[in-house]
Amino acid sequence: MALVVGRRAFGVQGTCWLWRSRWAPLSAGFCSPGSAVTARPESEARPTSMRQQDGIRNIVLSNPKKRNALSLAMLKSLRSDLLHEAESKDLKVIIIAAEGPVFSSGHDLKELTDAKGRDYHTEVFQTCAEVMMLIRNHPVPIIAMVNGLATAAGCQLVASCDIAVASDKSSFATPGVNVGLFCSTPAVALGRAVPRKVALEMLFTGEPISAQEAVRHGLISKVVAEEQLEEETMRIAKKIASLSRPVVALGKATFYKQLPQDLRTAYYLASQAMVDNLALQDGQEGIEAFIQKRKPVWSY
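Residues numbered from 1 in each chain as written. Predicted model: local features only at pLDDT ≥ 70, side-chain atom pairs only at ≥ 80, totals over all residues. Heavy atoms only, no water.

A. The pattern of salt bridges, seen in detail. Following the criterion strictly, the structure yields 8 salt bridges and no others. A salt bridge links Arg79 to Glu130, with the shortest nitrogen-to-oxygen separation between them at 3.2 Å. Remark: Glu130 occurs in helix H3 (residues 118-137) and Arg79 occurs in helix H2 (residues 72-83); sequence separation between them is 51 residues. Take Arg79 and Glu130: they sit in the same class, and that class is buried. By sharing partners, the salt bridges in this structure join Lys222, Glu232 and Arg235 into a single network. (Salt bridge = Lys/Arg side-chain N within 4 Å of Asp/Glu carboxyl O. Helix = DSSP H or I, 4+ residues; strand = E, 2+ residues; numbered from the N terminus. Buried < 20%, exposed > 50% of the residue type's maximum accessible area, 1.4 Å probe, protein only.)

The structure is reproduced here in structure tokens:
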């Protein structure tokens, strides 16, 4: 019922909460009772790695030698990790992190030469758009954990996540204009995360902003010392994971649906969502637990 309500908030039906859903044929493994870890055969060299435990899925961009560039292979791998058992009640929150000193340098420019051709270029940008929309439409909150440089589509990835926690050594830029390729697709997410004039200065100059500037403008949620980054990110993720997935999923869907609406429509949509929330098992459980002064027991 909860998933149906959540999809209603998106205005979609069935499992098609993504505009073009491609479910990855991956299997989940278990390392010990009560702690699920998703693993793949070592023979499958992929540019991302994925691990899930206690409701928290960690997806890591794992190609530091290429500055975690969002190549077509990286984008497809990231999409696969996001889609894997996305409807599972065992999944509560996702963290996207990266290996090495660069979170992501954006698209692999070697894939954008004339030699690759227009069809290949189209696939790259369509896949990138699909991943960014998937993050927004995903039923669970997605957190970016940034330690280092995030540029172009890498900055777009950070801007697309629901929450972003960054170390004080991180910086953000959309420098495509410097190589003759204006960051038009990163501008979609960036322009929805920061004030217009801040976005345009970043886009027109290509100059980076610091983590402190990024948090001031709303590109990221908070800045912490590098040694505290993982601890703080996990603190947020564990808090989300302790809550009702159906309630959080409905809340996320409603937040993004009402955001672009006029005030009257926004209140109408939010009011309907509150009524739907009360109809959820966990909605009533939470209220009863509060009245009875006990800890709620969520359905999942």
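On we go.
B. View of the confidence of the model for the protein chain. Of the residues in the protein chain, 85% have a pLDDT of 70 or more, and the chain-wide mean is 89. Within the model, the stretch residues 1-43 combines pLDDT values under 50 with 90 contacts to residues more than four positions away or in other chains. (pLDDT = per-residue confidence, 0-100. Contact = heavy atoms within 4.5 Å.)

C. Structural view of the pairing of strand E5 (residues 93-98). Across the 6 residues that make up E5, a large majority, 5, are buried. As paired elements, strand E4 (residues 56-61) and E5 share 6 bridges and run parallel to each other. In the sheet register, Ile56 faces E5, and the bridge partner there is Val93. Crossover E4 to E5 through H2 is right-handed. Sheet topology places E5 next to strand E7 (residues 142-146); 3 bridges connect them, and they run parallel. Counted as the bridge partner of Ile95 is Ile143 from E7. (Pairing = 2+ DSSP bridges. Right-handed = clockwise from strand over helix to strand, strands pointing away.)

D. Examining helix H10 (residues 263-279) more closely. Counted at 1.5 Å a residue, the expected span for H10 with its 17 residues is 24 Å, and the 24 Å between its end C-alpha atoms agrees. Among the residues of H10, Ala266, Leu269, Ala273 and Asp276 are the ones counted as buried. Buried residues of H10, seen end-on, are gathered within an arc of 90° and therefore sit on one face of the element. Exposed side chains of H10 directed beyond 90 degrees from the buried face belong to Leu263, Arg264, Tyr267, Tyr268, Met274 and Val275. At the N-terminal end of H10, a side-chain oxygen is found 3.1 Å from the backbone nitrogen of Arg264, two or three residues along, and the residue is Asp262. (Expected span 1.5 Å × (residues − 1). Arc of directions from axis to C-beta. Polar contact = N/O pair within 3.5 Å; in protein donor to acceptor, adjacent residues only side chain to side chain.)

E. Representation of the side chain of Ser77 in the model. Topologically, Ser77 is positioned in helix H2. Among all residues touching Ser77, those that are not within four sequence positions of it are Arg46, Pro47 and Thr48.

F. Structural context of the sheet that holds strand E10 (residues 171-173). Spatially, 4 strands are ordered E6-E8-E10-E11 in an open sheet, and the strand pairing comes out mixed. With partners counted over all chains shown, the strands left at the sheet margins are strand E6 (102-104) and strand E11 (209-210), one partner each. Looking at chain direction, E6 and strand E8 (residues 149-151) are connected through 2 bridges and run parallel. In the sheet register, Ser104 faces E8, and the bridge partner there is Ala150. Strand contacts of helix H4 (residues 153-160): E6, E8 and E10, with the helix running at about 100° to E8, the strand carrying the most contacts. (Axes fitted to C-alpha atoms, helices over the stretch in contact; angles between N-to-C directions.)

G. Geometry of the state of the cysteines. As enumerated under the stated definition, the model contains 0 disulfides in all. Take Cys155: it sits in no disulfide, and the sulfur closest to it among the cysteines is that of Cys183, at 8.4 Å. (Disulfide = S-S within 2.5 Å.)

H. Representation of the packing of H3 against H4 in the model. Axis separation between H3 and H4 bottoms out at 9 Å; the angle between their running directions is 20°. By the angle class used here, H3 and H4 are roughly parallel. For the crossing formed where H3 meets H4, the hand is right-handed. Across the interface between the two elements, Cys128, Met132 and Ile135 of H3 pack against Ala153, Gln156, Leu157 and Ser160 of H4. Residues of the contact of H3 with H4, tallied by class, amount to 5 nonpolar, 2 polar and no charged. (Parallel < 35°, antiparallel > 145°, perpendicular 65-115°, else oblique. Left-handed = near helix turned anticlockwise from the far one by under 90°. Nonpolar A, V, L, I, M, F, W, Y, C, P; charged D, E, K, R; others polar.)

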